[in-house]
2 protein chains.
Amino acid sequence: MPAKVSNFYAGPAILPEPVLQQAARDLLNFQNLGMSLIEISHRSKEFTAVIEEAEALLRELLGVPQNYRVLFLQGGASSQFFMIPMNLLRKDQLASYLNTGVWSNKAIKEARLFGQVAVPWSDEANGFVRVPKDSEYTADPKSEYLYFVSNNTVFGTQFPVMPQSDLMLVADMSSDILSRPVDVSKFGIIYAGAQKNIGPAGVTVVIIREDLLDRASDSVPTMLKYKTHADNDSLFNTPCTFAVYCVGLVMRWLKEQGGVTEMERRSKKRSGILYEVIDSTDLYQGHAAKDSRSTMNVTFHLPSKELEEAFLREATAQGFVGLKGHRIAGGCRASIYNAFPLEGVEKLADFMRAFAKKHG
Amino acid sequence: MPAKVSNFYAGPAILPEPVLQQAARDLLNFQNLGMSLIEISHRSKEFTAVIEEAEALLRELLGVPQNYRVLFLQGGASSQFFMIPMNLLRKDQLASYLNTGVWSNKAIKEARLFGQVAVPWSDEANGFVRVPKDSEYTADPKSEYLYFVSNNTVFGTQFPVMPQSDLMLVADMSSDILSRPVDVSKFGIIYAGAQKNIGPAGVTVVIIREDLLDRASDSVPTMLKYKTHADNDSLFNTPCTFAVYCVGLVMRWLKEQGGVTEMERRSKKRSGILYEVIDSTDLYQGHAAKDSRSTMNVTFHLPSKELEEAFLREATAQGFVGLKGHRIAGGCRASIYNAFPLEGVEKLADFMRAFAKKHG
């Protein structure tokens, strides 16, 4: 086995090493049952314990109030783009969406299939370099909800604090959930695809306020009603048992490490090291405005395509993987989620400084 | 590690041992990359090779014609219940459904949300003990498609040969895909949740004729259009990379074992052994009519609840796991998919004979 590389993939992304070790053991023989964890029924008492623990730990770590349900769904965060308006919005009703990047844009497109959509703030014309302050927009008070993406994986921007609003908040937290404390009670729905901060691809966590479960019309297919999954504790049909199991392991690890407060401290430290390199050298230009910088995805450009290619080539050769930016944003991106070790960030910073000295 | 038990779960179900061994290794270090297979991007060249191989082998094993696409989707087979009519059926159009069990019933319910549904044959009144012959029903020739479930996991019935019809066939093959040859060219759509014959839970295989991709109306959400996934080679959004990877491993194993013809031979042999016990003792009563017996799920009752409980208790103690019938059908069920070893069936037959001698 080679030395671990530094895995900067944006998702699926790095996972804690103890989680992988445990999963590899349980793939062969789970709890000494003589069966793999992926060979047992989702209705077995063993799997019931797995999903219950995953939920309990997630609730504890995020401080999810009693009147919220936690669902483990399939279909990725992309399925929430339509499920949210399909469940919460009627043709003549309004929802407000803050447009801060690729994923909010996609969510807006799907919402328009179901109701009226207002976009009180968009940074599309500027290439999505920042997120708004509360004072920079006014959401129509008739809106059923105010939708936003807390961290924009593609462009490397993040709300430093969550928007404040009298409206019910709905948030895509796919790329920064569990990286900082959040007051869940301000939200109607928080959702996140697992493959950044929670586990492997294959499960999407949806935290939904109970009173919203009854909003869907009768014409919504059974599988697309949140109520279906809430009423059946996410076991209406067979979930992705492996992914749910891994979420449970990641939650255990997260708790052992000190929970979301500690994750916030680490993520600020990790990202701070990289932003310091960007700010203190001339070679790298950060994509995000300073007041909107993400602690999860650090995005930057080099002065030319040739230099970017050289940077990525040399980085790859030295074991830094996944630094190529999203195809829409271009440039470079270092994704540094909860499981990313500080040491890997320090090594990348050293490499960036050396590369800047050579090419600056 | 204890001796392997005999795993008769209906799904998630037993997988080939070499698949589990390989997956456990690759969970720690995939292709010597220094990363887990679940830590790499779904857009990496390594994962692209994984999904391409899984598709190529599946196409080869099932003989999928060139004008069909193979999609790896999330959401389980249950999501196909609504996706099929959502994509193929308009309000004023008709589809015909054969009602042979729990899953066809659920599919009928969802289809009614989108168009006109005819049920030319149903065995619901008799407790779903058999499937129809072609001569026993007439499907309205105006139907857009004729829908059926090739194998009914809950009740243990199976179409011994696929229905013949001038109508386009659409089939849920979740529990017997790749267990026998099939002429794909007769079908518009074949789909199957992975967790019985194909891999772990988390991916649903959809085989769809290309000309059907354009049928969805503009009001269908992007993620629910088959065309979205076909146009993006199942990578429009992040798929369940682990499950897709496992499907590839299972396909490799299946090919090495001799493909679907060999699977058919084995499944007839395995199920034949259990049906022989049922027919030659007085204690066990098969649920399915003899002409509709499943080679994948052998369902049977004992004369009393007490005896059934004693049977399940003693079986469990001897290492036979998952023999309890589905909660709707009751009784007992031995699910014996492709990966189930003949030896385990022989051991169960011995146990059943001994139990019958003691209690008969």
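Because the structure is predicted, anything quoted here is derived from the model rather than measured.

### Topic: unusual backbone geometry
Right, on to step 1. Look at the link from A:Gly11 to A:Pro12: it is a cis peptide, with omega at -10°.
Right, on to step 2. Within the secondary structure layout, A:Pro12 lies in the loop between β1 (6-7) and α1 (17-28).
Right, on to step 3. The phi angle at B:Phe128 is positive, at roughly 55°, despite the residue not being glycine.
Right, on to step 4. Along the chain, the position of B:Phe128 falls in the loop between β4 (116-122) and β5 (146-149).
Right, on to step 5. Judged by its relative accessible area of 6%, B:Phe128 is buried.
Right, on to step 6. The phi torsion at B:Leu178 lies on the positive side, around 65°, for a residue other than glycine.
Right, on to step 7. Checked against the element boundaries, B:Leu178 lands in the loop between β8 (169-172) and β9 (187-193).

### Notes on the pairing of strand β2 (residues 68-73) of chain A
Residues and elements named next belong to chain A.
Right, on to step 1. Counting buried residues in β2 gives six out of six residues, a clear majority hidden from the surface.
Right, on to step 2. Neither face of β2 is exposed, since Tyr68, Val70 and Phe72 on one face and Arg69, Leu71 and Leu73 on the opposite face are all buried.
Right, on to step 3. Bridge analysis of β2 against strand β10 (residues 204-209) gives six bridges, and the strand direction is antiparallel. Within the sheet, the bridge partner assigned to phenylalanine 72 lies in β10 and is valine 205.

### Description of the domain arrangement of chain A
Residue and element names in this part refer to chain A.
Right, on to step 1. Split by domain assignment, chain A resolves into domain 1 (18-256) and domain 2 (259-359).
Right, on to step 2. Centre-to-centre separation of domain 1 and domain 2, based on C-alpha positions: 27 Å.
Right, on to step 3. Taken together, the contact pairs 29 residues of domain 1 with 26 residues of domain 2.
Right, on to step 4. Carbon and sulfur atoms supply 56% of the area buried between domain 1 and domain 2, which totals about 2100 Å² over both sides.
Right, on to step 5. Summed over the shared surface of domain 1 and domain 2, the number is one salt bridge.
Right, on to step 6. Among the salt bridges present, the one from aspartate 291 reaches lysine 133, with a minimum N-O distance of 3.0 Å.
Right, on to step 7. Between domain 1 and domain 2 we count 16 residue pairs in polar contact (both at pLDDT 80 or more) in total.
Right, on to step 8. When contributions to the side of domain 1 that touches domain 2 are tallied by element, the ones reaching two or more residues are β6 (151-152), β7 (157-158) and α6 (241-257).
Right, on to step 9. Examining the composition of the side of domain 1 that touches domain 2, we find that three residues originate from one element, α6, more than from any other.

### Regarding empty space enclosed by the protein
Where empty space is left can be seen by rolling a probe of water-molecule size over the atoms.
Right, on to step 1. Tallied over the entire structure, the rule returns six cavities of 30 Å³ or more.
Right, on to step 2. By volume, the largest cavity amounts to about 320 Å³.
Right, on to step 3. A:Gln74, A:Gly75, B:Gln74, B:Gly75 and B:Ser79 are, among the 28 residues lining the largest cavity, the residues nearest its centre.
Right, on to step 4. Contributions of two or more residues to the lining of the largest cavity are made by β2 and α3 (76-88) of chain A together with β2 (68-73) and α3 (76-88) of chain B.

### Things to note about the pattern of salt bridges
Residue and element names in this part refer to chain A.
Right, on to step 1. Taken as a whole, this structure holds 40 salt bridges over all chains when the rule is applied.
Right, on to step 2. In this structure, the salt-bridge partner of glutamate 53 is arginine 252, at a minimum N-O distance of 2.8 Å. Here glutamate 53 is found in helix α2 (residues 45-62), whereas its partner arginine 252 is found in helix α6, with 199 residues between them in sequence.
Right, on to step 3. Classification of glutamate 53 by relative accessible area gives partly exposed; the value is 28%.
Right, on to step 4. Residue class for arginine 252 comes out partly exposed when judged on its relative accessible area of 38%.
Right, on to step 5. Salt bridges here are not isolated pairs; linked through shared partners, they connect Asp214, Lys227 and Asp231.

### What to know about the relation of the copies chain A and chain B
Right, on to step 1. Superposing chain A onto chain B requires a rotation of 180° together with a translation of 0.0 Å along the rotation axis, leaving an RMSD of 0.0 Å. The transformation just described matches what one would write down for a two-fold rotation axis. Every residue of chain A has its C-alpha some distance from the rotation axis, and the shortest such distance is that of A:Ala24, at 2.3 Å.
Right, on to step 2. When you check the interface residues of chain A against chain B, 100% turn up at the interface there too, and the contact is symmetric in its surfaces.

### Topic: the packing of helix α2 (residues 45-62) of chain B against helix α6 (residues 241-257) of chain B
Residue and element names in this part refer to chain B.
Right, on to step 1. Viewed as axis vectors pointing N to C, α2 and α6 meet at an angle of 45°, and their least axial separation amounts to 8 Å. The angle between α2 and α6 places the two elements in the oblique class. Pair α2 / α6 crosses with left-handed handedness. Along its contact with α2, which presents Phe47, Val50, Ile51, Glu53, Ala54, Leu57, Leu58, Glu60 and Leu61, the element α6 presents Thr241, Val244, Tyr245, Val247, Gly248, Met251, Arg252, Leu254 and Lys255.
Right, on to step 2. Residue composition of the contact of α2 with α6, grouped by class: twelve nonpolar, two polar and four charged.

### Some details on the interface of chain A and chain B
Many descriptions give the size of an interface as the accessible area lost when the pieces come together.
Right, on to step 1. Contact residues are listed per partner, giving 64 residues for chain A and 64 residues for chain B.
Right, on to step 2. Summing both partners gives a buried area of about 4900 Å² for chain A against chain B, and 63% of it is carried by carbon and sulfur.
Right, on to step 3. For chain A, the biggest contributors to the area lost against chain B are A:Leu28, A:Ile38 and A:Glu39; these three give 13% of the whole.
Right, on to step 4. At the boundary of chain A and chain B, one finds zero salt bridges.
Right, on to step 5. Linking chain A with chain B are 14 residue pairs in polar contact (both at pLDDT 80 or more), by the criterion used here.
Right, on to step 6. Contributing elements (two or more residues each) for the side of chain A that touches chain B: α1, α3, α4 (102-111) and α6 of chain A.
Right, on to step 7. Residues that form the side of chain A that touches chain B fall into these classes: 33 nonpolar, 22 polar and nine charged.

Calculation criteria
In every chain, residue numbers begin from 1 and rise along the written sequence. Each chain is given a letter, starting from A, and each ligand a number, starting from 1, according to the order in which they appear as written. With pLDDT at 70 or above as the cut-off, local features in this predicted model cover only qualifying residues; side-chain atom pairs require 80 or more to be listed or tallied, and sums for whole chains, interfaces and linings still use all residues. The basis for the side-chain values is all heavy atoms of the structure; hydrogens and waters are excluded. Put simply, DSSP marks the helices as runs of H or I at least four residues long and the strands as runs of E at least two long, and each gets a number from the N terminus on. Exposure classes here rest on a 1.4 Å probe applied to the protein chains alone. A residue is buried below 20% of its type maximum, exposed above 50%, and partly exposed in between. Should DSSP find at least two bridges between two strands, the strands are regarded as paired. Start and end positions for the domains come from either an automated domain assignment or a database one. The contact definition used throughout considers only heavy atoms, calling two residues in contact when any of these lie within 4.5 Å. Defined here as a combined quantity, buried area equals the accessible surface (1.4 Å probe) lost by two parts on assembly, summed across both. The salt bridge definition used is simple: a Lys or Arg side-chain nitrogen within 4 Å of an Asp or Glu carboxyl oxygen. In the analysis that follows, any N or O atom pair within 3.5 Å is treated as a polar contact, provided that within protein one partner can donate a hydrogen and the other can accept it, and provided that, for residues neighboring in sequence, both atoms belong to side chains. A pocket, in this scheme, is an open set of points on a 1 Å grid over the protein atoms alone with protein on both sides within 12 Å along at least 5 of 7 lines, while a cavity is a set where a 1.4 Å probe fits but cannot get out; residues line either one if an atom lies within 4 Å of a point. Grid points are joined across faces, edges and corners, and a volume is the space filled by probe spheres set on the points. Superposition of the copies used a least-squares fit over C-alpha atoms from residues whose pLDDT is at least 70 in both. For every element, the axis is a line fit to its C-alpha atoms; helices are fit only across the contacting stretch, and the angle between N-to-C directions ranges from 0 to 180 degrees. By definition in this entry, angles of less than 35 degrees are roughly parallel, angles greater than 145 are roughly antiparallel, angles of 65 to 115 are roughly perpendicular, and the rest are oblique. In this scheme, a crossing is called left-handed if the near helix is turned counterclockwise away from the far one by less than a right angle; it is called right-handed if the turn is clockwise. The residue classification treats Ala, Val, Leu, Ile, Met, Phe, Trp, Tyr, Cys and Pro as nonpolar and Asp, Glu, Lys and Arg as charged. All others, Gly included, are polar.

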